[in-house]
Amino acid sequence: MQVLGVSGSPSSPSKTALAIGTALDRAAEHDDVHTELLDLRGYDLVFSDGRDPADYTGDTRTVIDRVIAADALVIGTPMYRGGYTGRLKNLFDLLPNDALAGKPVGLIATGGTDHHYLAIEHELKPLVGFFRAWAVPGAVYANNTHFSAGTLVDDGVRSRLHELADAVVTFARRMPRDAAGATAPEIPRKAAAEA
Ligand SMILES: Cc1cc2nc3c(=O)[nH]c(=O)nc-3n(C[C@H](O)[C@H](O)[C@H](O)COP(=O)(O)O)c2cc1C
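Residues numbered from 1 in each chain as written. Predicted model: local features only at pLDDT ≥ 70, side-chain atom pairs only at ≥ 80, totals over all residues. Heavy atoms only, no water.

Caption draft 1: Inspection of the pairing of strand 2 (residues 34-39) at higher detail. Where strand 1 (residues 2-7) lies against strand 2, six bridges are found, and the strand directions are parallel. Paired with Ser7 across the bridge in strand 2 is Asp39. Regarding topology, helix 1 (residues 15-27) serves as the crossover connection from strand 1 to the parallel strand 2, and that connection is right-handed. (Pairing = 2+ DSSP bridges. Helix = DSSP H or I, 4+ residues; strand = E, 2+ residues; numbered from the N terminus. Right-handed = clockwise from strand over helix to strand, strands pointing away.)

Caption draft 2: Main features of the site of the ligand. As a matter of local geometry, the ligand sits amid 17 residues, with Ser9, Ser14, Thr16, Met79 and His116 nearest to it. A distance of 2.7 Å separates an oxygen atom of the ligand from a polar atom in the side chain of Ser9. Classifying every residue of the shell around the ligand gives four nonpolar, 11 polar and two charged. (Near = heavy atom within 4 Å. Polar contact = N/O pair within 3.5 Å; in protein donor to acceptor, adjacent residues only side chain to side chain. Nonpolar A, V, L, I, M, F, W, Y, C, P; charged D, E, K, R; others polar.)

Caption draft 3: Region of the structure containing the side chain of Arg51. In this structure, Arg51 sits in the loop between strand 2 and helix 2 (58-69). Of note is the side chain of Arg51, whose polar atom sits 2.7 Å from the side chain of Asp49.

Caption draft 4: Main features of the packing of helix 1 against helix 5 (residues 155-174). Orientation of helix 1 relative to helix 5, taken along the N-to-C sense of each, is 50°, at an axis distance of 8 Å. Judged on the interaxial angle alone, helix 5 and helix 1 are oblique. Crossing handedness for the pair helix 1 and helix 5: right-handed. Residues Ala19, Thr22, Ala23, Arg26 and Ala27 of helix 1 pack against Arg158, Leu161, His162, Ala165, Asp166 and Val169 of helix 5. (Axes fitted to C-alpha atoms, helices over the stretch in contact; angles between N-to-C directions. Parallel < 35°, antiparallel > 145°, perpendicular 65-115°, else oblique. Left-handed = near helix turned anticlockwise from the far one by under 90°. Contact = heavy atoms within 4.5 Å.)

Caption draft 5: Quick peek at the packing of aromatic side chains. All chains considered together, the criterion is met by three aromatic pairs. Centre to centre, the rings of Tyr117 and Tyr141 are 6.4 Å apart; their planes meet at 75°, and the pair counts as edge-to-face. Here Tyr117 is found in the loop between strand 4 (104-111) and helix 4 (119-130), whereas its partner Tyr141 is found in strand 6 (residues 140-143), with 24 residues between them in sequence. Note on Tyr117: relative accessible area 47%, which makes it partly exposed. When the centroid spacing of 5.1 Å and the interplanar angle of 85° are considered together, the rings of Phe130 and Phe131 count as edge-to-face. On the basis of relative accessible area, Phe131 is assigned to the buried category, the value being 2%. (Phe/Tyr/Trp six-rings, centres within 6.5 Å; stacked < 30°, edge-to-face > 60°. Buried < 20%, exposed > 50% of the residue type's maximum accessible area, 1.4 Å probe, protein only.)

Caption draft 6: Examining the UniProt feature "domain: NADPH-dependent FMN reductase-like" (unreviewed entry) in the chain more closely. The sites that UniProt annotates as "domain: NADPH-dependent FMN reductase-like" (unreviewed entry) are residues 1-144. Within residues 1-144, the helical portion is 32% and the strand portion 23%, while the C-alpha atoms at the span's ends are 32 Å from each other. (UniProt positions renumbered as here; feature names shortened; annotations may be inferred.)

Caption draft 7: Geometry of the pattern of salt bridges. Under the counting rule described, the total for this entry stands at nine salt bridges. With its nearest N and O atoms 2.7 Å apart, the salt bridge here joins Arg51 to Asp49. Residue Asp49 is classed as partly exposed on the basis of its relative accessible area, which comes to 28%. The partner of Arg158 in a salt bridge is Asp155, and the shortest N-O contact between them spans 2.8 Å. Residue Arg158 and its partner Asp155 are both found in helix 5; the two are separated by three residues, about one turn of the helix. Look at Arg158 and you get partly exposed, because its relative accessible area is 28%. With relative accessibility at 57%, the residue Asp155 sits in the exposed group. (Salt bridge = Lys/Arg side-chain N within 4 Å of Asp/Glu carboxyl O.)

As structure tokens, then:
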């Protein structure tokens, strides 16, 4: 099973990437689980222009294909202005509609304070819902006080990240991928020639 972490943070070092990495390390302790972190900072993604996702090339193609190949995902973002980052939004705009269908997704958000923790509920979960993926219950939110000198120092957050990782693996093992509900209506896309 391939569990892909996706970090929407533009920063380096990144607290979000650290939290995702903590969850991935835990997931990798399970038998037959392979993990990778897709750090969007490392890719030269084009800005979504509405073309058919099949027509993207280069780094954009590589990133789309890595998401499609994943069996389960751990997606994390810093809070930016009360929501997920533009970088993460762009990735979701680039993906084909069925890229996540039937896949479990563990959600992680970090913020300066706890002020915006409900953005997981009203921003990230609807996004996952659009893609007909399963938002695994028990998303994790961490704030700046949970990190120090480039490490995660809060045992409660670490424990919750482990629980989230365990749940993602359990969901991926037990949920049939074809149980993704009704197929969404086709959304017309621009062909590459028109783009
Ligand atoms: C442009 C910008 C906007 C931000 N907006 C918020 C916000 O609305 N709410 C919040 O709690 N933190 C906000 N923050 C703080 C970051 O979400 C927080 O420091 C986060 O942990 C950074 O994660 P990273 O190290 O992975 O980039 C903002 C930071 C930046 C740079």
